[in-house]
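# Examining the three-dimensional arrangement
So the chains spell out like this:
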Amino acid sequence: MSLRFLTAGESHGRGLVVILEGFPAELAITAEEINLDLARRQKGYGRGGRMLIEKDQVEILSGVRRGFTLGSPITLFVKNKDYDNWEKIMTPDFSPEKAGNPLRRPRPGHADLAGGLKYNQRDLRNILERASARETTVRVAAGAVAKKFLKSFGILVQSHVRQLGSAQGRAVVAIDDNLNERADRSPVRMLDRKVEKKAVQLIDSAKDQGDTLGGIFEVFMTGLPPGIGSHVQWDRKLDGRLAQAMLSLQAVKGVEIGEGFKNATLYGSQVHDEIFYQRGRGFYHKTNRAGGIEGGMSNGETVVVRVAKKPISTLRRPLQSVDIETKQEIKAAYERSDVCALPAASVIGESLCAWVVADLFLEKMGGDFMQEVTQRFKLYLNHLKKF
Ligand code: EPS
């Protein structure tokens, strides 16, 4: 592992922290650049009241000096503005006062019950605070640094929402460098205006009914040379690492690389991407059903990751549950939440994919300062040309 990060922070605590280790020295990065991605994560039609309170801004506490990384651990901090409203309930100091009403009615689909049982917590707030997707704020901050790193080698990581509830967009055939910009212009990060309209209507009606919606987003990574990841060991495979990262994102329940599930229903001859060679261009494929990964390694084509996110589990019209004290049947707890956070999830997915690829890219190239990594990258590209 060349890169690693660790996050900390509760949803309504003082703030969120991430420590990133392993980035080479001399990578240009500013808080403003990271903030652009934090703002993208906050958007999306269907978000709840919390996003009106927060304006996520990162503070760089270590590892960067005068606009460049030092090679030392980078610490990023994002303050929770909402903490001012929660200080009494969330204070780390001992207090004999009651911390509001304990949350006793676990929400089906959330971490509440399993977490309460595992950690012996009778106020389920002690579980939900950390399980909340609020934590993804600093994962996006980490991803923003990874994206900046990858961009200096011509690798772009972009995403869009392919399907929201039953509103299904068409497959993207040509992936250009402005895909993210176009998705960002849509309130649901969809590329097709007609489908976008339907998606917005679906969110409106889910909101009216006290319900929630999920869907599918896609991440595209272009500019990757072949050979990122490795076939030799299970935990070095690019697809395995991407799937783990995606499934670690709150509410994600499914991942496929390329046409993963569709390919499972076809003959091999209909699935595998035939290999061609052209002088100057090198080896290439005319199709990309493998989603840019073969044998756990990038194969030079666009890496395509498709991710299924379930609807948010906090419902205004709650589902059936059980009071953990009285053991009586009761409706699950409701507290402010989002109707749909899929557009935000696509931005988070982008960040997590960027992190995984940056890690494996650094593992392949090596180097402790940017110029060194660049020289090694050029050497590798030369090797590919001569092969
Ligand atoms: C989130 C902040 C949360 C939720 C959402 C994600 O804020 P609050 O709980 O104060 O409304 O909006 O979290 C969930 C959907 C969840 O189930 O935990 C954020 O910053 O993304």
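Residues numbered from 1 in each chain as written. Predicted model: local features only at pLDDT ≥ 70, side-chain atom pairs only at ≥ 80, totals over all residues. Heavy atoms only, no water.

Turning next to the pairing of strand 11 (residues 275–278). Relative to strand 12 (residues 282–285), strand 11 runs antiparallel, the two being bridged by 4 bridges. Within strand 12, the residue paired with Phe276 across the bridge is Tyr284. The hairpin turn running from strand 11 into strand 12, its antiparallel successor, is 3 residues long, and Gly280 in that turn takes a positive phi close to 95 degrees. (Pairing = 2+ DSSP bridges. Helix = DSSP H or I, 4+ residues; strand = E, 2+ residues; numbered from the N terminus.)

Reading across the sheet, the 5 strands line up as 8-7-9-15-10 and stay open at both edges, with antiparallel pairing between neighbours. Strands at the two margins of the open sheet, each flanked by one partner only, are strand 8 (167–168) and strand 10 (252–257). In this structure, strand 10 lies alongside strand 15 (residues 303–309), joined through 5 bridges in antiparallel fashion. The residue of strand 15 that forms the bridge with Val255 is Val307. Helix-sheet contacts for helix 9 (residues 238–247) involve strand 9 (215–222), strand 10 and strand 15, and the interaxial angle to strand 10 is about 155 degrees. (Contact = heavy atoms within 4.5 Å. Axes fitted to C-alpha atoms, helices over the stretch in contact; angles between N-to-C directions.)

Phe23, Phe149, Leu164, Met221, Val305 and Phe361 are the most contacted members of the largest nonpolar core, which has 74 residues in total. Top element by residues in this core is helix 12 (residues 342–365). It accounts for 14 residues. Setting aside its immediate chain neighbours within four residues, Met221 contacts Leu156, Val157, Leu242, Glu301, Thr302, Val303, Val305, Cys353 and Val357. Counting residues in each nonpolar core, the second largest holds 5 residues, with Leu103, Leu128, Ile324 and Ala333 among its members. (Core = buried A, V, L, I, M, F, W, Y, C linked by side-chain atoms within 4.5 Å. Buried < 20%, exposed > 50% of the residue type's maximum accessible area, 1.4 Å probe, protein only.)

Moving on, we get to the side chain of Arg134. Along the chain, the position of Arg134 falls in the loop between helix 5 (125–131) and helix 6 (136–151). When its relative accessible area of 4% is taken as the criterion, Arg134 is described as buried. Polar side-chain contacts of Arg134 include one of 2.7 Å to the side chain of Asp56. Each residue touching Arg134, except ones within four places of it in the same chain, is listed here: Ser11, Leu16, Arg41, Arg50, Met51, Glu54, Asp56, Val78, Lys79 and Asn80. (Polar contact = N/O pair within 3.5 Å; in protein donor to acceptor, adjacent residues only side chain to side chain.)

Time to look at a nonpolar patch on the surface. A surface patch of nonpolar side chains, about 520 Å² in accessible area, is lined by Ile275, Tyr277, Phe283 and Phe387. In this structure, Phe283 sits in strand 12. (Patch = residues over 30% accessible without salt bridge, like charges linked within 9 Å, V, L, I, M, F, W, Y side chains within 5 Å. Areas by Shrake-Rupley, 256 points an atom, 1.4 Å probe, with all protein chains shown as cover. Salt bridge = Lys/Arg side-chain N within 4 Å of Asp/Glu carboxyl O.)

Around the ligand, a shell composed of 13 residues is seen, among which His12, Arg41, Arg50, Arg134 and Arg336 lie nearest. Contacts to the ligand include His110, whose side-chain N or O atom sits 3.1 Å from an oxygen atom. A distance of 3.3 Å separates an oxygen atom of the ligand from a polar side-chain atom of Asp338. Calculation on the ligand without its partners gives an accessible area of 470 Å², and the protein chains cover 92% of this total. (Near = heavy atom within 4 Å.)

Let's shift gears to the packing of aromatic side chains. Scanning the model with the defined rule gives 11 aromatic pairs in all. Between Phe149 and Phe361 the ring centres are 5.9 Å apart and the planes differ by 80 degrees, which places this aromatic pair in the edge-to-face class. With a gap of 212 residues between them, Phe149 in helix 6 and Phe361 in helix 12 connect regions that are remote in the sequence. By relative accessible area, which is 0% here, Phe149 ends up buried. Seen in terms of ring centroids, Phe361 and Phe377 are 5.3 Å apart; in terms of plane orientation they differ by 55 degrees. Their pairing is tilted. (Phe/Tyr/Trp six-rings, centres within 6.5 Å; stacked < 30°, edge-to-face > 60°.)

On to the pattern of salt bridges, then. Applying the stated criterion across every chain yields a total of 32 salt bridges. As a salt-bridge pair, Arg122 and Glu325 come within 3.3 Å of each other at their nearest N and O atoms. Here Arg122, found in the loop between helix 4 (112–119) and helix 5, pairs with Glu325, found in the loop between strand 16 (320–322) and strand 17 (329–331); they are 203 residues apart in sequence, far enough to count as distant. Residue Arg122 is classed as partly exposed on the basis of its relative accessible area of 48%. A salt bridge links Arg125 to Glu335; its shortest N-O distance comes to 2.6 Å. A residue pair is termed long-range when its members are at least 10 positions apart, and Arg125 in helix 5 and Glu335 in the loop between strand 17 and helix 12 qualify at 210 residues. Take Arg125: its relative accessible area is 11%, and that puts it in the buried class. Taken together, the salt bridges that share partners define one network made up of Arg41, Arg50, Glu54, Asp56, Asp82, Arg134 and Arg336.

On to the sheet that holds strand 3 (residues 58–62). Taken in spatial order, the 4 strands of this open sheet run 1-2-6-3, and their pairing is antiparallel. The open sheet has two edge strands, strand 1 (4–8) and strand 3, and neither has a second partner. For this sheet the average axis-to-axis angle between neighbouring strands, irrespective of direction, equals 20 degrees. One ladder, built from 5 bridges, connects strand 1 with strand 2 (residues 15–21); its direction is antiparallel. Opposite Leu6, over in strand 2, you have Ile19 as the bridge partner.

Moving on: the environment of Ala243. Take Ala243: it is sitting in helix 9. Among the residues examined, Ala243 registers a relative accessible area of 22% and is labelled partly exposed. Sequence separation between Ala243 and Asp323 is 80 residues; the distance between their C-alpha atoms is 35 Å.

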